[in-house]
Amino acid sequence: MDLSKLRVKGDRLRNTLEEMAKIGATPGGGVNRLALSDEDKQARNLFLSWLREINLEIMIDEVGNIFGRRSGKNNSLAPVLSGSHIDSQPKGGRFDGILGVLGALEVLRTIQENHLETLRPVMIVNWTNEEGTRFSPALAGSGVWAEKLDRDWIYARADIQGKKIGEELERIGYRGKQPAQKWPVHAYYELHIEQGPILEKEGKIIGIPAGIVSLHWFDVYVEGKSNQVGPTPMEGRNDALCAAAEMILKVNELPAKMGGNMVATVGEIHNFPNSRNIIPGRVHFTVDIRSWDDDLPGRAWAELKKDFEKIAKKRGCPLRIEETWSVKRVSFNERLVQRVKETAEKLGFPSLPMVSGAGQDAGYISQVAPTAMIFVPSIDGRSHVEVEETKWEDCTAGTNVLLHCILQSAMEE
Ligand SMILES: [Zn+2]
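Quantities reported herein were computed from a predicted structural model and do not represent experimental measurements. Along each chain, the written sequence defines residue order, and numbers are assigned to residues from 1. Given that the model is predicted, a residue must reach a pLDDT of at least 70 before its local features are reported, and side-chain atom pairs must reach 80 or more before they are shown or counted; all residues, however, enter totals for whole chains, interfaces and linings. Hydrogens and water are ignored here; the side-chain numbers use all heavy atoms of the structure.

1. Some remarks on helix 10 (residues 334–346)
And then number 1: Numbering goes from the N terminus for both helices and strands, where a helix is a DSSP run of H or I of at least four residues and a strand is a run of E of at least two. Each residue after the first adds 1.5 Å to the expected span of a helix. The terminal C-alpha atoms of helix 10, which comprises 13 residues, lie 18 Å apart, in line with the 18 Å expected from a rise of 1.5 Å per residue.
And then number 2: Here, two residues are considered to be in contact whenever any of their heavy atoms come within 4.5 Å of each other. Those residues of helix 10 that are buried lie in contact with strand 5 (187–193), strand 6 (206–212), strand 13 (351–356), strand 14 (371–376) and helix 12 (392–411).
And then number 3: Gly348 lies just past helix 10 and shows a positive phi near 85°.

Quick look at the structure:
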């Protein structure tokens, strides 16, 4: 058969996504499938049943990553791997993660029903705890598999109720036997929603990320002096919240000031004692800086720190800063990125080179195997919310690009 004419079945993909979205469905039209919850278990069970339907060989590793494998002509060659994550945010959407898993499933169904013989095995994966919302850190399953995170350390990570990953894996029946460690992969492709507004704004259907931006997390503690609000005059106050407010605006102004490709955000703030009639005595807030440029965040942070210190001095509110976490930028495999671009072109989909502003399992995998991602537009650029939406035709388009990328890699010597 003429392979270039081969297409996935968009209706089947949609039905599969809709069936999955019933698990943990929220009244607002999203899903709640926290990692290793009962909903995650139910979703995994359904996923496994679909893998069995097409006779994939199933492997579950020690951290609950699920793999399905379809043999090739030469099974001593490293497989082509594709997938993403089934878990979601507490009130997450129906596309983040799961599109990459069920898109890969649709590709395998298409290969199977057309009785295609690939040279290399083709494998699908669901990575455990990508979101990092119930258990920190995020990207746990792919991180352990890529041997960048320690398995036993991950087992011991607890949720807010003190339940540990190791125990919860056991409880839902997904603590597998297979060692959670990398093996040779010829190519890894991950289909994912963009989670931003750029593709929609530019009128493109396929986004081709060159990699994932670097990420820098800081924790800032501002020390003021608490006092009764009524009797204490305005002069001479050491209001930690006012100091923090000024600092937060500096964070917001930072990207425009620095120029270049960067975003900076304060997303979390704790005010103590948080009482309407006490002057705030202490504030803790977080700073998140992301950039595709390697040295920009360092320069930006140095500027920001100077501003913070000035504000702290002016308001008499001493400052303590922790540099909590930092991840270097990830560049995907140029050859595979180019393949995604050419495949989108061949299939007639307008595409756009970009970078991923969000962390991805593909980030860890790219450190141990050639990796590329395929983005499809998010309507209004919304994600991690119930109204997260991607057009069905765009889901199908991305899955067709995935199909042809996988086929090319799977036919390679
Ligand atoms: Zn995701």
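2. Regarding the side chain of Asp288
And then number 1: Mapped onto the elements of the fold, Asp288 is located in strand 10 (residues 282–291).
And then number 2: Relative accessible area decides the class of each residue, using a 1.4 Å probe on protein chains only: under 20% of the type maximum gives buried, over 50% gives exposed, and in between gives partly exposed. With relative accessibility at 15%, the residue Asp288 sits in the buried group.
And then number 3: The term polar contact refers here to a pair of N or O atoms within 3.5 Å; inside protein, the definition further demands a hydrogen-donor-capable atom paired with an acceptor-capable atom, and it admits residues adjacent in sequence only when both atoms are side-chain atoms. Here Trp217 takes part through its side chain, which lies 2.8 Å from a polar atom of the side chain of Asp288.
And then number 4: Within the local environment of Asp288, its side chain forms a polar contact with the side chain of Arg290, the two groups lying 2.9 Å apart.

3. Observations concerning the nonpolar core
Soluble globular proteins: nonpolar side chains tend toward being buried together.
And then number 1: In this structure, Met20, Phe47, Leu102, Tyr189, Ile206 and Val401 are the most contacted members of the largest nonpolar core, which totals 90 residues.
And then number 2: With near-sequence residues (within four places) excluded, Ile206 lies in contact with Leu199, Ala344, Phe349, Pro350, Ser351, Leu352, Ile374, Phe375, Val376, Ala397, Gly398 and Val401.
And then number 3: Counting 24 residues, the second-largest nonpolar core is a separate cluster that includes Ala244, Val287, Phe308 and Ala312. For the purposes of this section, nonpolar cores are sets of buried Ala, Val, Leu, Ile, Met, Phe, Trp, Tyr and Cys residues that join through side-chain atoms within 4.5 Å.

4. Topic: the pairing of strand 7 (residues 214–223)
And then number 1: Here strand 7 lies mainly inside the structure; 8 of its 10 residues are buried.
And then number 2: Looking at chain direction, strand 7 and strand 10 are connected through 10 bridges and run antiparallel. Note on strand 10: the bridge partner recorded for Phe218 is Val287.
And then number 3: The pairing criterion is simple: DSSP has to find at least two bridges between the two strands. Two strands pair when backbone bridges link them, and strand 7 and strand 11 (residues 319–327) are joined in this way by 8 bridges, in the antiparallel orientation. Bridged to Phe218 within strand 11 is Glu323.

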